[in-house]
Amino acid sequence: MKIFYDQWRYNTFFTYDDRNYEMGQRRNYWRAFSRYNAAAACQMLCDMKIPHDLIVTTSKYSNTLENVFDDTDFDVLLRINGSKPLYMAFERFNTRFNELPSYYEGQKALVLTPTRHSAKEYTFTSVEATLPVSAAEHNKIDESLVVNFPTDMQTISVKRNVKQQGHMRLADQLGLLLMEDTDAEMTKMLGGEEMKKRTTSYNVKQTYNNLMTSIADARKAVKDNFSEEIRVQYDQAPKELSTYKIVNSGVTNTQPFEYETTFTIDGFVKRAGSNYIFNVGKLIGTINKFEQKDRTRETDIVMPSARTLNYQIAFDVPSGYDIKGLADLNTELTNEIGTFKVTSSSNANKVTLNVSRKYAVSSAPKGKWNELLALLDAAYDFTEKKVLFEKIGK
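Residues numbered from 1 in each chain as written. Predicted model: local features only at pLDDT ≥ 70, side-chain atom pairs only at ≥ 80, totals over all residues. Heavy atoms only, no water.

A. Layout of the side chain of S362. Examined against the element boundaries, S362 turns out to sit in the loop between β19 (350-359) and β20 (363-364). By relative accessible area, which is 10% here, S362 ends up buried. Once you skip the residues sitting within four places of it in the chain, S362 turns out to touch K60, V133, I301, V302, M303, S305 and A306. (Helix = DSSP H or I, 4+ residues; strand = E, 2+ residues; numbered from the N terminus. Buried < 20%, exposed > 50% of the residue type's maximum accessible area, 1.4 Å probe, protein only. Contact = heavy atoms within 4.5 Å.)

If you want it as structure tokens, here you go:
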């Protein structure tokens, strides 16, 4: 069934015509029409006599199933029935086989089981169900950051490796993957034809030329896309982005989406006389501070998904300096909503920090708001944490 689903992805997102040759980042965000594709897949599976159900549901960010007004208010998934249920969500090119989008997890659903009587006649039985929810360990980011300090200490150099799994990979895949590369990867996996043979038009030559022009333009934007990812992460653009690459697309396999960048960035180190203050906590990224007016809640908590974010930060204390305040970074907070934990270690002049943010649930009653707020406060407070590089023998 995975091959069936992958072939659907390939046919849907990797064919081209005179109105469909855009190869920039906008194409990554294209979304399939779930109701049509689920119905078509249902017909084929009925022909193959493969037991399955249609799953009618709604996004947790829209109306409930009970409040559906017309056929634009719901989406349709497909579930293969066997020893273990397998899902097909007809969403985007980077949606995997047996992967429920996070906005459907935990939602009420209407399960329709088809019976085929003829090519045009089907009947359905229906039952209600609740869709499964993925665990925090399934939706994970692992970041490794190696920091170096230049002679003037005013700019830091960061080598950053990011591995993203589950729902945590999807946004950066859309923002960073080059559709040309994804096309080549899917074609190799499925033994598809070359791009030109998948181009249909009244004027194939002109359409293919337009496709090549769009590909060339998309290549020029790759560096800007990586710079934008860094800007969003740290709320400031890098001073210089020297290397950037995709290590694993995570599109044709179940491995994490992985990418690497090397860049310089300002604003992390300040001079204090002959000493320097290093705002090391900022390296886990920008986290919003909740002001007093936002600290009360009247509705239940809904988050994108349960998730885990891990950061390993490594750096050498600059020559001629001692580090002060390292032990003060250590902290741990655990409650029913999740965990925030920081541990530090040093060996000679080499320092390693391990930071973990875990949100064990994707939803909770409003009575748990203060527990979530405590975790968010702890994470924000860490982004304000600093260590001192004290000049030796000053």
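B. Broad picture of the packing of aromatic side chains. Evaluated as defined, the whole model comprises 21 aromatic pairs. Ring geometry for F290 and W369: centres 5.7 Å apart, planes at 70 degrees, overall edge-to-face. Taken together, the residues F290 in the loop between β13 (275-278) and β14 (301-302) and W369 in helix α8 (residues 369-383) connect sequence positions 79 residues apart. You can call F290 partly exposed: its relative accessible area is 24%. Its relative accessible area of 7% is what places W369 among the buried residues. Among the aromatic residues, those joined into a cluster by ring pairs are Y5, W8, F13, F90 and F97. The ring of F74 carries the charged tip of R35 above its face, separated from the ring centre by 5.7 Å. Geometry around F268 places K282 over its ring, the cationic atom sitting 4.5 Å from the centre. (Phe/Tyr/Trp six-rings, centres within 6.5 Å; stacked < 30°, edge-to-face > 60°. Lys NZ or Arg CZ within 6 Å of the ring centre and 35° of its normal.)

C. Structural context of the pairing of strand β8 (residues 155-164). For β8, the tally of buried residues reaches seven of ten residues, placing the bulk of the element in the interior. Note: strand β7 (residues 140-148) against β8, eight bridges, orientation antiparallel. Bridging across to β8, E143 finds its partner in V162. The antiparallel hairpin formed by β7 and β8 contains six residues in its connecting segment, where M153 sits at a positive phi of about 65 degrees. By the bridge criterion, ten bridges tie β8 to strand β11 (residues 257-266) in an arrangement that is antiparallel. Across the sheet, R160 pairs through a bridge with T261, a residue of β11. (Pairing = 2+ DSSP bridges.)

D. Structural detail: the packing of helix α1 (residues 2-13) against helix α3 (residues 34-47). In contact at an axis separation of 13 Å, α1 and α3 are set at 135 degrees when each is read in the N-to-C sense. Judged by the angle between their axes, α1 and α3 are oblique. By crossing handedness, the relation of α1 to α3 is classed as right-handed. Here F4, W8 and T12 of α1 come into contact with α3, specifically with N37, A41, M44 and L45. Within the contact of α1 with α3, the residues separate by chemical class into five nonpolar, two polar and no charged. (Axes fitted to C-alpha atoms, helices over the stretch in contact; angles between N-to-C directions. Parallel < 35°, antiparallel > 145°, perpendicular 65-115°, else oblique. Left-handed = near helix turned anticlockwise from the far one by under 90°. Nonpolar A, V, L, I, M, F, W, Y, C, P; charged D, E, K, R; others polar.)

E. View of the state of the cysteines. What the rule picks out here adds up to zero disulfides. Left without a disulfide partner, C42 is nearest to the cysteine sulfur of C46, which lies 4.1 Å away. Since its relative accessible area comes to 4%, C42 is described here as buried. Given a relative accessible area of 12%, C46 falls into the buried group. (Disulfide = S-S within 2.5 Å.)

F. Molecular detail of the environment of V269. With respect to the helices and strands, the residue V269 is situated in strand β12 (residues 269-272). Taking relative accessible area as the criterion, V269 reaches 5% and is therefore assigned buried. Once residues lying within four places of it in the same chain are set aside, the contact partners of V269 are F149, M153, Q154, I156, Y276, I277 and F278.

G. Region of interest: the sheet that holds β12. Judged by pairing direction, the sheet is antiparallel, and its four strands sit side by side in the order β12-β13-β21-β16 without closing on themselves. Only two strands of the sheet have a single partner each, and these edge strands are β12 and β16 (321-324). Across the sheet, the mean angle separating the axes of adjacent strands is 25 degrees when strand polarity is ignored. Across four bridges, β12 lies against β13 in antiparallel orientation. Paired with V269 across the bridge in β13 is F278.

H. Broad picture of the nonpolar core. Core analysis: the largest hydrophobic core is formed by 91 residues, its most contacted members being F278, L283 and F389. Among the elements that line this core, the one with the most residues is α8, at nine residues. Ignoring sequence-local partners within four residues, the contact set of F389 consists of F149, M153, N275, Y276, F278, F315, V317, P318, Y321, D322 and I323. I55, A89, Y104 and L131 belong to the second largest nonpolar core, which has nine residues in total. (Core = buried A, V, L, I, M, F, W, Y, C linked by side-chain atoms within 4.5 Å.)

I. Inspection of unusual backbone geometry at higher detail. The backbone of K49 sits at a positive phi, close to 55 degrees, despite the residue not being glycine. Here K49 lies in the loop between α3 and β2 (52-57). Backbone geometry places N98, a non-glycine residue, at a positive phi of 60 degrees. Within the secondary structure layout, N98 lies in the loop between β4 (86-88) and β5 (108-116). Its relative accessible area of 31% is what places N98 among the partly exposed residues.

J. Examining the environment of A32 more closely. Looking at the secondary structure, you find A32 in the loop between α2 (25-28) and α3. Spatially, the C-alpha atoms of A32 and P238 are 35 Å apart, while their sequence positions differ by 206 residues. For A32, the contacting residues outside a window of four places in its chain are W8, T12, F13, N37, F90 and E91.

K. Highlighting the pattern of salt bridges. For the structure on display, the rule yields 23 salt bridges. Residues R35 and D75 are paired through a salt bridge, measuring 3.9 Å at the closest nitrogen-oxygen approach. Residue R35 is found in helix α3, and its partner D75 is found in strand β3 (residues 75-80); the two are separated by 40 residues along the sequence. In this structure, R35 and D75 share a single accessibility class: buried. (Salt bridge = Lys/Arg side-chain N within 4 Å of Asp/Glu carboxyl O.)

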